[in-house]
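In case you want the letters, here they are:
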Amino acid sequence: MRLENMPSEFQEALPVLEKIKAAGFEAYFVGGSVRDALLGRSIHDVDIATSAYPEEIKQIFRRTVDIGIEHGTVLVLENGHEYEVTTFRTEDVYVDYRRPSSVSFVRSLEEDLKRRDFTVNAFALTDGGDVIDLFDGVADLQNQQLRAVGIASERFNEDALRIMRGLRFQASLGFQLEAQTLAAMKDRAFLLEKISVERIFIEFDKLLLAPFWKRGLNSMLDCRVYKHLPELVEENAGLQKLFNLAENFTFTSSVQAWGALFSTLSLKDVQIFLKKWKTSRDFSKKVQQFIDILSFRQVRGVTRRDCYRYDLTLLFEAEELRQAQGLKTDFIIIQKIYDELTIHDKHEIVVNGGMLIKNFGFDAGPQLGQLLKEIEYAIVDGELENTLTAITDFIKEKR
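Residues numbered from 1 in each chain as written. Predicted model: local features only at pLDDT ≥ 70, side-chain atom pairs only at ≥ 80, totals over all residues. Heavy atoms only, no water.

**Brief notes about the pattern of salt bridges**
On inspection of all chains with the given rule, the structure shows 27 salt bridges. Glu56 is the salt-bridge partner of Arg107, the closest N and O atoms lying 3.1 Å from each other. Of this pair, Arg107 sits in the loop between strand S7 (103-105) and helix H4 (109-113) while Glu56 sits in helix H3 (residues 54-60), and the two are 51 residues apart along the sequence. Since its relative accessible area comes to 39%, Arg107 is described here as partly exposed. According to the relative accessible area criterion, Glu56 is partly exposed, its value standing at 22%. We note a salt bridge from Asp66 to Lys58, for which the minimum N-O separation is 3.0 Å. Here Asp66 falls in the partly exposed class, since its relative accessible area comes to 42%. One connected set of salt bridges, linked through shared partners, spans Glu154, Arg155, Glu158 and Arg162. (Salt bridge = Lys/Arg side-chain N within 4 Å of Asp/Glu carboxyl O. Helix = DSSP H or I, 4+ residues; strand = E, 2+ residues; numbered from the N terminus. Buried < 20%, exposed > 50% of the residue type's maximum accessible area, 1.4 Å probe, protein only.)

**Digging into the packing of aromatic side chains**
Counted by the stated rule, this structure contains 19 aromatic pairs. Taking the centre distance of 6.3 Å and the plane angle of 55° together, the rings of Phe118 and Phe156 count as tilted. Taken as a pair, Phe118 in the loop between H4 and strand S8 (124-125) and Phe156 in helix H6 (residues 152-158) lie far apart in primary sequence, 38 residues in all. You'll find Phe118 and Phe156 in the same group, each marked buried. When the centroid spacing of 5.2 Å and the interplanar angle of 85° are considered together, the rings of Phe249 and Phe251 count as edge-to-face. (Phe/Tyr/Trp six-rings, centres within 6.5 Å; stacked < 30°, edge-to-face > 60°.)

**Brief notes about the environment of Asn236**
By the element assignment, Asn236 lies in helix H11 (residues 236-240). Counting along the chain gives 34 residues from Asn236 to Ile202, while the straight-line C-alpha distance between them is 21 Å. Ignoring sequence-local partners within four residues, the contact set of Asn236 consists of Leu221 and Tyr226. A distance of 3.1 Å separates polar atoms of two side chains, one belonging to Asn236 and the other to Tyr226. (Contact = heavy atoms within 4.5 Å. Polar contact = N/O pair within 3.5 Å; in protein donor to acceptor, adjacent residues only side chain to side chain.)

In structure tokens, the structure reads:
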């Protein structure tokens, strides 16, 4: 098969392939970028595989960075772009269901492609646009199916994270999982307990944000993968509730996706839930706020203090989820209230604690903090102008 229209991303990278070939080595574009080009999708990262060993690549190019040289990868800086150039390699026995015990560099493209996960990720593309397809990946693209390279159970034994990657690819591409691949994923799902939760989170997060996330989630339930993920062992019923969202609904952000996920579960504490997933404190805080918004929106509308306290993006994303649930939404009202706020942050108040201590003789402490909070919310509620005169009169009344 030939790729007639070479995407601009490949055209820009052609000088890299040409330099490697001029030095007497093979070089190809490989992996997901080739798949996406064949599907007419946008390309994000252009990866290059070569028969040249890392030290040979470093001799060919003037500017390189050793980003994974022990695994054969060198970052080549060329014409204002960065390209990961990786030596053809084979891998020894996988000792922890994630990483090989050793990597061996080889000169054979076929040996390199045999170690890849799915056939649609095992393409190579020449500088002339010829597609090298050793595992019938083109047919799988045409049939819209995901199939493991070689024996599926062996691929998942080598790297159990490939199970999550398969679900994520399904959610991204909308493909079906080939029967034997699906069976192997189900049979090997327990191996995910050997994988770091941080890596699993990345794949699950990408799944939730993908356009066909319901398809990926359905396979996750079918394979019983969820039983080997933090806090989800007994949550089949909760996960099923996500399918009740509007048919074509897609999540806007990770916060919205994980907030929606948690809201369907039987769990009570979102902080404990996300701690098990080892997310950042900032992410956990935002999801907690999102859950809080969903909670009060069940019983009332959005107030001035809500628009002041919560980020406008979170308020809108909560409304988007309500819309997907078929509930009443207040997008216009929320925007109007937000626009009418006198301040959006306490630092916009014309007085601060230091000024009150200096000009009014207040002592530092809880009482001063309480007064500042009263001033802040009186301004937010529209009961007090954010001017020195108005705030001075307000303070006098409080004394």
